[in-house]
Amino acid sequence: MKRFSIPILVTRPYLPPLDNFKHGCEEIWNNKWLTNNGPMLQQFQKELSCYLGVPETNLALFNNGTLALELGYYAMGLSGEDVITTPFTFVATSHALKRIGANPIFADIDPETMCLSPEAAEKLIPSRTKAIVPVHVYGNMCDVDGFQRLSDKYGVKIIYDAAHAFGVKSVVGFGDMAMFSFHPTKLFHSCEGGLLVFNDASIQERLFELRNFAIRSETECVDVGTNAKMNEFQALMGLECLKNMDELLDYRQKIYMTYEDAFVDCSDVKIIPCSQNKAYVPVLFRNFKIRERVYAELKEGCNVFSRRYFYPLLTDFEPYSYGRGSCPVAEDIASRVLTLPTYYGLPLEDVKAIAGNVKEIVRNMTHERYV
Ligand code: T4K
């Protein structure tokens, strides 16, 4: 097995050429404008509008994805309401609901896409359900038609947590709202950041107010808003990363294909099909014991830091106190999944070696009759 001399982390952020960033900093210096809707932020919003093909009136930027979600939920009137979501996601999806006083209700996932299943969600729609929050997990697109059908039938709002899906152009425009995270662990980032895209342009003003304490004018504060403003350095980082989006996507594709080729002859490691952006490389093992052993041996023996995204399930976390057995598919997947390192610049030779290590660990376990 190959032991790497420096740790291989599950992800590393892309960093644009330093000179470009410095050049942008000079502009910020000249402007003497650091945050509060500055020129870099406005430029970033413009470029995102072009990139996504969404009018500028239907976008709002925030200092991170979690606050973007929180304010998006709030602006959609979800406080105090029941909202159906998936347990197979990062805690931010449901924390943001809890923080505005909404009540997350967890439904099971689809075993192919790993996204919330519309059929499972429909079974839980009681009269009080106001919205559904599906997550495009790993960038895989949810059954958007299925959710649209639920929206039409029951009048529920659909808000997509698209934190992983920037670069998957086909997800844009579905539901009432979608949130993209620009955290550095994502394939595209702005140091920290979040973007809301929404159908109803009339809520943009409300979101702009909410991210700035809900201050409307020098003498008016109209709600309990917060500080969720993206600053100028974040916007600059976003602008510089956006210039390289095609290359970033291309490289992820190459990494994914390298893993795929490596696992083609290994029935004990199933690589999960992922959509265009290849934001993650999730693989499934036969059972929990194998997954845990691979995770530990990669770390201790190979200096490779994979992650168990998303284990434990949200339903296992203290603030949610949800019984086991309510989402059997999600419970099964969470116990067997592992996400392998992928990021711009990770040498393909290293990818082959990581895959080789995974296969060897699994093979050794099989020989030990450990499983
Ligand atoms: N919804 C979903 C479905 C999400 O997945 C997320 C975030 C959100 C909402 C909320 O969006 P944000 O508020 O974050 O914009 C990470 C990220 O912190 C989190 O953004 C992400 N999802 C989640 C899936 O993963 P951790 O706790 O795994 O991060 P951490 O610090 O362990 O970093 C992972 C690896 O990346 C480490 O090996 C170190 C490396 N790393 C990290 C950073 C920040 C670097 O090399 N450089 C860096 O700057 O949560």
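It should be emphasised that the depicted structure is a prediction, and the values quoted were computed from it without experimental measurement.

Reading the values: the criteria
Residues numbered from 1 in each chain as written. Predicted model: local features only at pLDDT ≥ 70, side-chain atom pairs only at ≥ 80, totals over all residues. Heavy atoms only, no water. Salt bridge = Lys/Arg side-chain N within 4 Å of Asp/Glu carboxyl O. Helix = DSSP H or I, 4+ residues; strand = E, 2+ residues; numbered from the N terminus. Buried < 20%, exposed > 50% of the residue type's maximum accessible area, 1.4 Å probe, protein only. Disulfide = S-S within 2.5 Å. Pairing = 2+ DSSP bridges. Axes fitted to C-alpha atoms, helices over the stretch in contact; angles between N-to-C directions. Contact = heavy atoms within 4.5 Å. Left-handed = near helix turned anticlockwise from the far one by under 90°. Nonpolar A, V, L, I, M, F, W, Y, C, P; charged D, E, K, R; others polar. Near = heavy atom within 4 Å. Polar contact = N/O pair within 3.5 Å; in protein donor to acceptor, adjacent residues only side chain to side chain. Areas by Shrake-Rupley, 256 points an atom, 1.4 Å probe, with all protein chains shown as cover.

Visitor: Sorry if this is basic, but what is going on with the pattern of salt bridges here?
Guide: Two side chains with opposite charge may pair up if their charged atoms get near one another. Under the criterion given, the structure shown has 14 salt bridges. Among the salt bridges present, the one from K359 reaches D265, with a minimum N-O distance of 3.0 Å. Separated by 94 residues along the polypeptide, K359 in helix α12 (residues 348-367) and D265 in the loop between α9 (245-263) and β11 (270-271) bring together distant segments of the chain. Relative accessible area serves as the criterion here: at 15%, K359 is assigned to the buried category. Overall, D265 belongs to the exposed group, its relative accessible area being 59%. One salt bridge in this structure joins E292 and R308, with 3.0 Å as the shortest N-O distance. Here R308 lies in the loop between β13 (304-305) and α11 (328-336) and E292 lies in helix α10 (residues 288-302), a separation of 16 residues in the sequence. Look at R308 and you get partly exposed, because its relative accessible area is 22%.

Visitor: Is there a simple way to explain unusual backbone geometry in this structure?
Guide: Peptide bonds are, in most cases, trans, and in most cases residues other than glycine have a negative phi. In this structure, F310 follows Y309 across a cis peptide bond, with omega equal to 10°. Inspection of the secondary structure assignment puts F310 in the loop between β13 and α11. The peptide bond linking Y311 to P312 adopts the cis configuration, its omega dihedral lying at -5°. The backbone of Y138 shows a phi angle near 60°, a positive value even though the residue is not glycine. In this structure, A214 takes a positive phi of about 65° despite not being glycine. Considering the arrangement of structural elements, one finds A214 in the loop between α7 (204-210) and β9 (215-217).

Visitor: Is there a simple way to explain the state of the cysteines in this structure?
Guide: Put plainly, two cysteines are in a disulfide when a covalent bond ties their sulfur atoms together. Under the criterion given, the structure shown has 0 disulfides. Here C191 is not disulfide-linked; the sulfur of C241 is the nearest cysteine sulfur, at 7.8 Å.

Visitor: What exactly am I supposed to notice about the sheet that holds strand β3 (residues 82-85) here?
Guide: Strand pairing in a sheet takes place through backbone hydrogen bonds and is either antiparallel or parallel in direction. Read from one edge of the open sheet, 7 strands run β2-β8-β7-β6-β5-β3-β4, paired in mixed fashion. The open sheet has two edge strands with one neighbour each: β2 (59-62) and β4 (103-106). The average undirected angle you get between the axes of adjacent strands in this sheet is 25°. As defined by bridge partners, β3 adjoins β4 across 4 bridges and the pair is classed as parallel. Residue pairing in the sheet places T85 in a bridge with F106 of β4. Along the sheet, helix α2 (residues 39-52) makes contact with β2 and β8 (194-198), crossing β2 at roughly 130°. Running over the sheet, helix α6 (residues 144-154) touches β5 (129-133) and β6 (157-161) and is turned about 150° from β6.

Visitor: Could you clarify how one ought to interpret the packing of α2 against helix α8 (residues 232-242) in this entry?
Guide: Packed helix pairs are characterised by how far apart their axes lie and by the angle those axes make with each other. Closest axis-to-axis distance for the α2/α8 pair is 8 Å, and the angle between their directions is 35°. Seen along the crossing, α2 lies across α8 with a hand that is left-handed. The segment α2 lies against α8, with P39, M40, L41, Q43, F44, E47, L48 and Y51 engaging E232, A235, L236, G238, L239 and L242. Here the residues of the contact of α2 with α8 sort into 10 nonpolar, 2 polar and 2 charged.

Visitor: Looking at this model, I keep getting lost on the site of the ligand. Mind explaining?
Guide: The environment of the ligand is made up of 27 residues, and the closest members are R12, T66, D161, H164 and Y309. Here an oxygen atom of the ligand and a side-chain polar atom of H164 are 2.7 Å apart. Side-chain polar atom of Y309 to an oxygen atom of the ligand: 2.5 Å apart, as the coordinates give it. In the complex, 77% of the free accessible area of the ligand, which totals 930 Å², lies under the protein chains. When contributions to the shell around the ligand are tallied by element, the ones reaching two or more residues are α3 (65-75), α4 (92-99) and β7 (177-181).

Visitor: Please clarify how the pairing of β8 should be interpreted in this entry.
Guide: Both faces of the sheet carry side chains from a regular strand, because those side chains alternate between them. For β8, the tally of buried residues reaches 5 of 5 residues, placing the bulk of the element in the interior. Neither face of β8 is exposed, since G194, L196 and F198 on one face and L195 and V197 on the opposite face are all buried. Two elements, β2 and β8, share 4 bridges in a ladder whose sense is antiparallel. Within the sheet, the bridge partner assigned to A60 lies in β8 and is L196. For β7 and β8, the ladder comprises 5 bridges, and the chain directions are antiparallel. Looking at the pairing, A178 lines up with V197 of β8.

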